[in-house]
Amino acid sequence: MKRKEFLHLSAMSIGAMMLPKFSLLGNPITAEEALYEGLDVSTKKALADVALQAATSKGATYADIRIGRYLNQFVTTREKKVQGIANTESLGVGIRVIANGSWGFAATNSFTKEDIARTAEKAVAVAKANSKIITEPVQLAPQKGYGEVTWKTPVEQNAFTVPVKDKVDLLLQANGIAMQGGASFVNSAILAVNEQKYFASTDGSYIDQDIHRIFPTFTVTKIDRASNKFQSRKSLSAPSGMGYEYLTPLADTRVAGIVTRYKGRYDLLEDIKNATADVEQKLKAKSVEPGKYDLVLDPSHLWLTIHESVAHPTELDRVLGYEANYAGTSFLTLDKWKAGNFKFGSDLVNIVGDKLQPGSLGAVGYDDEGVKCKEWDIIKNGVLVNYQAIRDQAHIIGLKESQGCCYAQTWADVQFQRMPNVSLRPGTSPLSVDDMIKNVEKGIYIVGDGSFSIDQQRYNFQFGGQTFYEIKNGKIVGMLNDVAYQANTQEFWNSCTAIADASDYRLGGAFNDGKGQPSQSNAVSHGSSTTRFNGVNVINTARKI
Amino acid sequence: MPILSKEEAQALLKKVLAFSKADECEVNLYGSDGGNIRYARNAVSTSGGISSTTLIVQSSFGKKVGTATINEYDDASLEKAVRRSEELARLAPENPEHMPVLAPQQYAGSKTYVPATAGITPKMRADAVAQSLAVANEKDLVAAGFWDNNAGFAAMMNSKGLFAYNTSTNVSFNVTLRTKDGKGSGYASKGYNDVSKLDVAAATRVAAQKAAASSNARALEPGKYTVILEPAAAIVLLETMFMNMDARSADEGRSFLSKPGGKTKLGEKLVDERVTLYSDPQNPDMPTSPWTGDGRPQEKVTWIDKGVMKNLFYSRYWAQQKNVKAIPFPDSAIMEGGSASLEDLIKGTEKGILVTRLWYIREVDPQTLLYTGLTRDGTFYIENGQIKYPVKNFRFNESPIIMLNNLEELGKPERTVSGESDIQALIPPMKIRDFTFTSLSDAI
């Protein structure tokens, strides 16, 4: 995640209606207007054909068009106050072509046939101009046209149909629980996203998709005025590819333990109560003794470690050097993949890429260049076996077709390789979290994601968390403070000694995975079961100023 | 829409306000025209041209506020936007922190627009990339870089008669050069209002020199070292302090500036007395806008004077609660320094580490402003006043407050760009003792 994006999102969830900023995301609309049907499919198809024809008549050998309507809703509160309610809509068309062997892109928010044709021609002109400074022509993996197809996130309750008042009431009720429990401050928010995307290409695909995401979140803060210390605890929710049903817990939603965690659905009111108790405990918790510990990492924490140390270094554009000036390159160079025996992790470590998992942020029917989504192994029994690729990269790693990892954050941005869901497969032998902890002599159990930082080739990382529990001789003995762990990616994944079974498997994720210049955001989930890593270096982060 | 003149913008905004039926109305108008080009593996990868204008209407009835945005400027569209904002305001819940619009303000002149930058063409962008690639090819290195330029205007008017207008231009260029064996990497980043100050070939040569010089780095033990932070490295830590100088967080007890019993460290000595930090929109080397998006004047503000915390920034709501002047968050950071060059700082160092860039900076503890991150693109061991050899990258855990208390020497300020936030700054290279490196990284 990029700090700019992180700050932007934090500012949105904490910071009220700085409305001029919202125009970047789209135009303000009413909640009711978000429910209006967009253009009908036949109109979109007609516009798409105009673009594809205009591009090919000007010499494009390939063209695609994305007609997008992107809806966002933000409801933000603090304590007893509603800070902001925003509904935004962004509507427009992005056209990408290959001409003279080079990519070109142009976008417009006008929907007249003339402007769309003009934009297609502009994309061709850009491609031709760029073709003078390329070293090799674009090589596109073959892709069959799917004809006219549709895909929709299987939501039970479209979040945009839920009255804003219900969301405000839920958040203020949650805030009330925190304040009654002794919190000094509480911020809470519900973010909802709906991408209505129509894709068409000269391959003969006309793909209409309706994609939904939701993210309820809060931060509870308690200040001890006497000692001048303060502690916070964030929600243990996971941003999800779901509708509002995510906020209705089912019988099997709660994962019991030292603190309740959530699977598939989420109980906001229960979690905020627990968070309020946690901040109280965090203020009194003892400072960690630095040294080597066995770490037991909950999926609400481990998703971020997977994101940074596995998902990013296996992005093929980073491996090839396309991100060298910004996000960085990767230690997982092509020679390590070619060798076929590069031991990324222990034999237990099996990492899979997919854009299929129900409820995940990455789940769509087709990617943003019209490739049907799938699942594939990236790390198998600890060995690097694959990357994440799109159509113009597939040939580089000997693939006959794309893995479907192409995404653009809006119609106005050019699509490029973005990470799919990248997840750690659960253990194959039955193992519960309790049984895992029983075998740990000196360890720390970490729940929730916190501070994160990793180098530009993804070797050295440091992670914090939300709550840290000391494990002594197989038992949790209390809470710790000031914990961060530092490791080398390969050493860390090779120290993986136990993975809980599939019954513990859960997703975590983020709306704001950042890459590219100009930077674009991508929403992605990472699944795992609770996992143990042996002998990891833990530092103490307490300082005096 | 071309860049509107002050008179044209004023006429358009007056027309919009004439449609208003709300208690209060405020209109912001932005327009910009720009382009970018990106390259990697010694060839162009993507490029684009972006032209956009936005008119934002904010209407309020009491403390109920609604906003609408539009990019069409005929009378009917303008009226529609005003009606839309009024409709949204009526539907909105009360915002208890909403503030009435500002009365007319006095603004200083602006130096942020340079016609030459506004005149940048796609061909100039492509030529600049060609220049950068020529350096890479000559030195047998692999280049990846990004050029982004824009020219724009901003105007606002409200129902109390406030009017503000500004034009600005910006060009930024950053490049990474790597050795073909991947063992060396160098970076350069430049940003200006005036494109004539940007020398792409020179910046690329700096990155090329660092790429070659950083090859085959040796490992040093992590620990506390005297470091010389080049401005591009220092700014990413310094800005973390800047961004956290918010009065409300300090008053609420959840800031590094909070003190027991609800007090703050405002007025107290916080860092070494050689540290003076201010912002000034009129600085000729780094001009910024004389007003903010909510109409407040941006004036010269001294934040830290000889080590003493002098000012914090406020929202208008919080300033009213505290009955103080609502100083806005600044657009730039300027730190006073000395006259020594970077070379002079190196010459005067017996043992130390030269850090050219810090990367992936994240907060570890908001109470102490402890941040972590890594060195990147050229880190060097200094002995007896000379650079001896490149060293492997380190992870650090450090607080800018501790760092500015461990100050040894400041050099001559120069203009730099934060690689984390894109904030522009004019700050000196800094020599710091006991900078905390906590582990080694194999990254290059």
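Residues numbered from 1 in each chain as written. Chains lettered and ligands numbered in written order. Predicted model: local features only at pLDDT ≥ 70, side-chain atom pairs only at ≥ 80, totals over all residues. Heavy atoms only, no water.

Under an unreviewed UniProt entry, the name given to chain B is TldD protein, and the organism recorded is Filimonas zeae.

S.K.: Just to check I follow, could you spell out unusual backbone geometry for this structure?
M.R.: Pro518(A) follows Gln517(A) through a cis peptide bond whose omega is -5 degrees. Within the secondary structure, Pro518(A) is located in the loop between β26 (506-515) and β27 (520-528). A positive phi angle, near 60 degrees, is found at Asn42(B), a position not held by glycine. A positive phi angle is found at Asn384(B), which is not glycine, with a value near 50 degrees. Note on placement: Asn384(B) falls in the loop between β17 (379-383) and β18 (386-390). Judged by its relative accessible area of 57%, Asn384(B) is exposed. (Helix = DSSP H or I, 4+ residues; strand = E, 2+ residues; numbered from the N terminus. Buried < 20%, exposed > 50% of the residue type's maximum accessible area, 1.4 Å probe, protein only.)

S.K.: Where do I start with the pattern of salt bridges in this structure?
M.R.: One side chain can pair with another of opposite charge once the charged atoms of both are near each other. All names here are of chain B. Evaluated as defined, the whole model comprises 59 salt bridges over all chains. For Arg248, the salt bridge goes to Glu252, with nearest N and O atoms at 3.2 Å. You can see Arg248 and its partner Glu252 sitting in helix α7 (residues 247-252), four residues apart, about one turn around the helix. We note that Arg248, like Glu252, is buried. A salt bridge links Asp377 to Arg357; the shortest N-O distance between them is 2.6 Å. Here Asp377 is found in the loop between β16 (370-375) and β17, whereas its partner Arg357 is found in the loop between β14 (351-355) and β15 (358-365), with 20 residues between them in sequence. Accessibility classification places Asp377 together with Arg357 in one group, the buried group. (Salt bridge = Lys/Arg side-chain N within 4 Å of Asp/Glu carboxyl O.)

S.K.: I keep staring at the layout of surface pockets and nothing clicks. Help me out?
M.R.: Where empty space is left in the structure can be found by rolling a water-sized probe over the atoms. Put simply, the second largest pocket is a space of about 800 Å³. Looking at the second largest pocket, it is lined by 39 residues, and the ones nearest its centre are Gln457(A), Arg178(B), Asp181(B), Gly182(B) and Lys183(B). Each residue belonging to the lining of the second largest pocket can be placed in one class, and the counts come to 14 nonpolar, 15 polar and ten charged. (1 Å grid on protein atoms, 1.4 Å probe; cavity = no way out; pocket = protein on both sides within 12 Å on 5 of 7 lines; lining within 4 Å. Points joined across faces, edges and corners; volume = space filled by probe spheres on them. Nonpolar A, V, L, I, M, F, W, Y, C, P; charged D, E, K, R; others polar.)

S.K.: Is there a simple way to explain the UniProt feature "domain: Metalloprotease TldD/E central" (unreviewed entry) in chain B in this structure?
M.R.: Taking the UniProt record as the reference, the feature "domain: Metalloprotease TldD/E central" (unreviewed entry) is found at residues 154-213 of chain B. Within the segment residues 154-213 of chain B, helix and strand shares are 23% and 50% respectively, and the terminal C-alpha atoms sit 44 Å apart. (UniProt positions renumbered as here; feature names shortened; annotations may be inferred.)

S.K.: What exactly am I supposed to notice about the packing of aromatic side chains here?
M.R.: This model, assessed by the stated rule, comprises 33 aromatic pairs over all chains. Between Phe331(A) and Phe344(A) the ring centres are 6.4 Å apart and the planes differ by 20 degrees, which places this aromatic pair in the stacked class. In this pair, Phe331(A) is assigned in the loop between α8 (316-320) and α9 (334-339) and Phe344(A) in the loop between α9 and β13 (351-354), connecting sequence segments 13 residues apart. Comparing Phe331(A) with Phe344(A), the two get one shared label, buried. Within the aromatic cluster, the residues linked to one another by ring pairs are Phe331(A), Phe342(A), Phe344(A), Tyr459(A), Phe461(A), Phe463(A), Tyr485(A), Phe492(A), Trp493(A) and Phe533(A). For the cation-ring pair, Lys442(A) lies above Tyr293(A), with the distance from its terminal atom to the ring centre recorded as 4.4 Å. Just above the ring of Tyr187(B) sits the side chain of Arg357(B); from NZ or CZ to the centre is 3.5 Å. (Phe/Tyr/Trp six-rings, centres within 6.5 Å; stacked < 30°, edge-to-face > 60°. Lys NZ or Arg CZ within 6 Å of the ring centre and 35° of its normal.)

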